[in-house]
Each structure stands twice: as structure tokens, then as C-alpha cells.
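Reading the structure
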Amino acid sequence: SMAEEPVAPSELLLRYRRFDNEGRLQTAPKRITGIPPECTVGELQQLVRESLNISPRQPVELLHWGRLLEPTLLLKNCSLSTHSELEVIARPRLQASAFTQGEPVKRVRLVSTKLQDGFTIDELFEEATVLDLKKLVQAHFAKNVTYFAQNKSAGDERSGTMAVDACDQLVSLGSAGAKKGVL
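Residue positions are given per chain, counting from 1 as you read along its sequence in written order. Where totals are concerned, whole chains, interfaces and linings use all residues; where local detail is concerned, this predicted model gives features only for residues with pLDDT of at least 70, and gives and counts side-chain atom pairs only at 80 or more. Values shown for side chains rest on all heavy atoms present in the structure; no hydrogens or waters enter the calculation.

A few words now on the overall build of the chain. Elements are defined by DSSP. Helices are runs of H or I of four residues or more, strands are runs of E of two residues or more, and each kind is numbered from the N terminus. Counting secondary structure elements, the chain contains three helices and nine strands. Sequence-ordered secondary structure for the chain, helices as α and strands as β, is β-β-α-β-β-β-α-β-β-α-β-β. Among the 183 residues that make up the chain, the fraction classed as buried is 23%. Sequence separation of at least 24 residues holds for 45% of the intrachain contacts in the chain that already meet a minimum separation of 6. Accessible area is worked out with a 1.4 Å probe on protein chains only. A residue is then buried under 20% of its type maximum, exposed over 50%, and partly exposed in between. Only heavy atoms matter for contacts: two residues are in contact if any of them lie within 4.5 Å across the pair.

A few words on the pattern of salt bridges. In what follows, salt bridge is the name for a side-chain nitrogen of Lys or Arg lying within 4 Å of a carboxyl oxygen of Asp or Glu. With the rule as written, the count across this model stands at four salt bridges. A salt bridge links Arg-31 to Glu-11, with the shortest nitrogen-to-oxygen separation between them at 3.3 Å. Linking Arg-31 in strand E2 (residues 25-33) with Glu-11 in strand E1 (residues 11-19), this pair joins segments that are 20 residues apart in sequence. Of the residues examined, Glu-11 reaches a relative accessible area of 18% and is grouped as buried. The residue Glu-38 makes a salt bridge to Lys-76 at a minimum N-O spacing of 3.1 Å. Pair noted here: Glu-38 is in the loop between E2 and helix H1 (41-52) and Lys-76 is in the loop between strand E4 (67-68) and strand E5 (84-90), with a separation of 38 residues, a long-range link. By relative accessible area, which is 16% here, Lys-76 ends up buried. Salt bridges here are not isolated pairs; linked through shared partners, they connect Glu-5, Glu-38 and Lys-76.

Another aspect to go through is the nonpolar core. Judged by nonpolar contacts, the single largest core of 20 residues is most densely connected at Leu-44, Val-48, Leu-62, Leu-75, Leu-86 and Val-88. Elements with a minimum of two residues in this core: E1, H1, strand E3 (60-64) and E5. The greatest single-element share of this core, amounting to four residues, is contributed by H1. Not counting the four nearest positions on each side in its chain, Val-88 is found in contact with Leu-14, Arg-15, Tyr-16, Arg-17, Val-48, Leu-52, Ile-54, Val-60, Glu-61 and Leu-62. Within this scheme, the nonpolar core is defined by two criteria: the residues are buried Ala, Val, Leu, Ile, Met, Phe, Trp, Tyr or Cys, and they are joined through side-chain atoms within 4.5 Å.

A separate point is the state of the cysteines. Criterion for a disulfide: a pair of cysteine sulfur atoms within 2.5 Å. All chains considered together, the criterion is met by zero disulfides. Cysteine Cys-39 is unpaired, with the sulfur of Cys-78 as its nearest cysteine sulfur at 9.8 Å. Under the relative-accessibility criterion, Cys-78 is labelled buried at 1%.

Let's shift gears to unusual backbone geometry. Glycine aside, residues mostly have negative phi angles, and peptide bonds mostly take the trans form. At Trp-65, a residue that is not glycine, the phi angle is positive and equals roughly 55°. With respect to the element layout, Trp-65 can be found in the loop between E3 and E4.

Along the chain, Ile-121 falls in strand E7 (residues 119-121). With twelve residues separating them along the chain, Ile-121 and Arg-109 place their C-alpha atoms 6.3 Å apart. Once residues within four sequence positions are removed from consideration, Ile-121 is found in contact with Lys-106, Arg-107, Val-108, Leu-110, Leu-133, Leu-136 and Val-137.

Another aspect to go through is the confidence of the model for the chain. As a per-residue measure, pLDDT tells how confident the predictor is, with possible values from 0 to 100. Mean pLDDT over the chain: 78, with 79% of residues reaching 70 or higher. Within the model, the stretch residues 95-100 combines pLDDT values under 50 with two contacts to residues more than four positions away or in other chains.

Our focus in this paragraph is H1. Across its twelve residues, H1 extends 16 Å between first and last C-alpha, which sits within 8% of the 16 Å expected from 1.5 Å per residue. Buried residues of H1: Val-41, Leu-44, Gln-45, Val-48, Arg-49 and Leu-52, and no others. Relative to the axis of H1, the buried residues are bounded by an arc of 145° and lie together on one face. Within two residues after H1, Asn-53 carries a phi angle of roughly 55°, on the positive side. Under the convention used throughout, the expected extent of a helix is 1.5 Å for every residue step, that is, one less than its residue count. What the arc measures is the spread of directions leading from the helix axis to the C-beta atoms.

Below, the structure is given as C-alpha cells:
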């Protein structure tokens, strides 16, 4: 018997990670419908950008069960069925000038939704490795006392505590005479 011609999915479920209003990373599901039968992965990436309001200059990757979908492939050749789930990854654009011209990176600015304020590491040297960068970050936190929540905790209105997620930064607002253990 002859093998059946693969069929492109007409509808897909997208899982897109974005930051909510409080700055926490959330996974937002979005259904995309009306996909043309001869659609390529690259054309789907454009539909995803329009649907999720992602800048056309921002690189977007689509993954199915952890497998990166190549932009030149037709959707029908990607083993996707209608209602398959794709993970959308919007990569930050890199400043191309320093990397393409071979200039060494001399400073790194670290910013996270888990930190109250970002910080800059200026002590990078030309042959710095990722391990060197990790050591410099650790030294920064050793010099500048920073508290992070160890576990997720629900808030309690009666005691006046707020909800925190694991790794949220806690900032001491009290003076040196504040109660021990209270931030």
C-alpha cells in the first residue's frame, strides 16, 4: 500500500514564556489557528510573532518536544498534528558589534527579575571563562549582603507577610535595631 501524504496541522497550541506585571516569568498558552496547508516553519514563526506581539527583529525559535524546528521545513514534514504543542522561545538580540569585530568583552551587566537592582561586573579580563564570571558574581554577593527566599511561601495577611517565590530577592527596610530575622 502507498504511504499517506503528511498533512500540516491547521491549529497549534503555543507555550510562550513572558514576564507578568510583577516581573515574574509566566508560561502563557496561546492557540494559533488558520495555518495554511503549505506553511513552512519560518512562515509559522512570522505568524507567532504577529500573534504574540514579538518584534520582527527578535529571533524566535519553535520547539516540539525539545526538538528545534528548522525554518526551511514544511510543517507537514515536522511530525506535527493538529493541536500539537510548540514551545516558543524569543531570544534577546545580541549587540553584534563587539562579537563580530572580535573585541573582548570587558564588562557585563547582570539583570534579573529576581534582583531588586542589576549590577555591573567591570573586572573581566580578556581570557575570562564562564567559571571566572561565576566567581565574580559570587564575590559580588559576598561583598554586598543579599537575601534570597529559599522556598516558595504563601503570604499571610494576619501576620503581614507577603507571598514570595523561591529565589526572590528580599530587601531589608529596617534599621540595625530591627527584629532578628525580619526583612
